[in-house]
Number of protein chains: 2
Amino acid sequence: MSVNVDADYLDQVQWDARGLVPVIAQEIDTGLVLMMAWMNREALLQTIVKGQAVYWSRSRQQLWHKGETSGHWQQVEAIFLDCDGDTLLLQVRQIGGIACHTGRPACFFRKFKEDRWLDIVTGSPNIASLPFSK
Amino acid sequence: MSVNVDADYLDQVQWDARGLVPVIAQEIDTGLVLMMAWMNREALLQTIVKGQAVYWSRSRQQLWHKGETSGHWQQVEAIFLDCDGDTLLLQVRQIGGIACHTGRPACFFRKFKEDRWLDIVTGSPNIASLPFSK
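About the criteria used
Residues numbered from 1 in each chain as written. Chains lettered and ligands numbered in written order. Predicted model: local features only at pLDDT ≥ 70, side-chain atom pairs only at ≥ 80, totals over all residues. Heavy atoms only, no water. Least-squares fit on C-alpha atoms with pLDDT ≥ 70 in both. Contact = heavy atoms within 4.5 Å. pLDDT = per-residue confidence, 0-100. Pairing = 2+ DSSP bridges. Helix = DSSP H or I, 4+ residues; strand = E, 2+ residues; numbered from the N terminus. Buried < 20%, exposed > 50% of the residue type's maximum accessible area, 1.4 Å probe, protein only.

Another aspect to go through is the relation of the copies chain A and chain B. You can overlay chain A on chain B at an RMSD of 0.0 Å; the transform is a turn of 180 degrees with a shift of 0.0 Å along its axis. Overall, the copies show the geometry of a two-fold rotation axis. Every residue of chain A has its C-alpha some distance from the rotation axis, and the shortest such distance is that of Gly31 of chain A, at 2.3 Å. Most of the interface of chain A is mirrored in chain B, where 100% of its interface residues are also at the interface.

Detailed reading of the predicted coordinates is not advisable wherever pLDDT is low. Residues and elements named next belong to chain A. Per-residue confidence for chain A averages 89 on the pLDDT scale, and 85% of its residues sit at or above 70. A low-confidence stretch, residues 123–129 (pLDDT under 50), is modelled with 10 contacts involving residues beyond four sequence positions or located in other chains. Confidence estimates for the predicted assembly give a pTM of 0.89 and an ipTM of 0.89.

Turning to the pairing of strand β7 (residues 110–113) of chain A, a few remarks are in order. Of the strand pairs in this sheet, β7 of chain A and strand β8 (residues 116–119) of chain A are connected by 4 bridges, and their pairing is antiparallel. Bridged to Arg110 of chain A within β8 of chain A is Asp119 of chain A. In this structure, the hairpin formed by β7 of chain A and β8 of chain A is closed by a connection of 2 residues, where Glu114 of chain A is found at a positive phi of approximately 50 degrees. Where β7 of chain A and strand β5 (residues 74–81) of chain B come together, 2 bridges link them in antiparallel fashion. Residue pairing for β5 of chain B: Lys111 of chain A is matched across the bridge by Phe80 of chain B.

Relative to the elements of secondary structure, Thr87 of chain B occurs in the loop between β5 and β6 (88–94). By relative accessible area, Thr87 of chain B is classed as buried at 1%. Apart from residues no more than four positions distant in its own chain, Thr87 of chain B is found in contact with Met36 and Phe108 of chain A together with Pro22, Ile24, Phe80, Leu81 and Asp82 of chain B.

Let us now look at helix α2 (residues 41–50) of chain A. Buried within α2 of chain A we find Ala43, Leu44, Leu45, Thr47 and Ile48 of chain A. Backbone geometry just after α2 of chain A places Gly51 of chain A at a positive phi near 75 degrees.

See the structure below:
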């Protein structure tokens with residue numbers, strides 16, 4: 001994919017005061033929402049160049065090529081910008097089926113029930129049953 | 001649903017310096033990612049009490065009961081907290097099938113293609129074809 005570093009598409013993103021935007025990662029085949037992370041301009045550019053998700057780690061204050069330690073890369077199939085231009089959605093194929101650093105398929109494993117957050121057990125994501133709806 | 005205003009579950013959310021967390025809204029039946037918005041403690045509490053999404057509008061600096069002008073309420077079916085406790089995922093039924101203020105089903109209608117964000121045409125969301133993957 002050809003990439004223009006000075007491209008307008010980077011300017012069309014409404015970066016916040018820190019130069020970041022929130023990014024939602026979704027498994028393309030199942031619709032499972034995997035995680036939320038952040039990108040700066042360089043992270044979005046590298047994501048486009050590599051075809052794999054590269055985020056900005058706010059805790060480490062550095063670029064974070066997701067999977068660089070775990071091997072759980074995210075192969076990017078599509079990138080969307082929302083109506084306000086201030087949020088990105090990545091549709092990915094999650095290598096290894098694990099997006100969360102806890103070893104779970106996705107990060108949203110605590111479900112609100114009776115005034116508590118309860119851990120849920122997720123099976124392998126599949127189209128027929130969005131795991132988080134159970 | 002009974003609600004405890006001083007409940008621990010509110011304290012378990014990692015509110016940012018502004019007292020906010022990002023919230024992803026997803027159509028429960030299709031997996032379609034509808035939008036991203038923000039909540040403060042009161043918004044989350046009202047969401048739980050009403051069973052409909054109530055966000056915090058950063059531009060208007062006030063609670064925003066989604067649908068209050070459009071009638072496009074979001075019926076909340078499930079609420080999830082992520083591993084770090086700093087992002088929420090709502091699974092909803094989007095009344096009217098329109099989540100975006102532009103009249104589209106969802107806010108993520110600009111797809112990156114050949115160095116540009118191109119508007120995509122989305123059909124009615126359905127399980128068989130996640131609209132945004134086309």
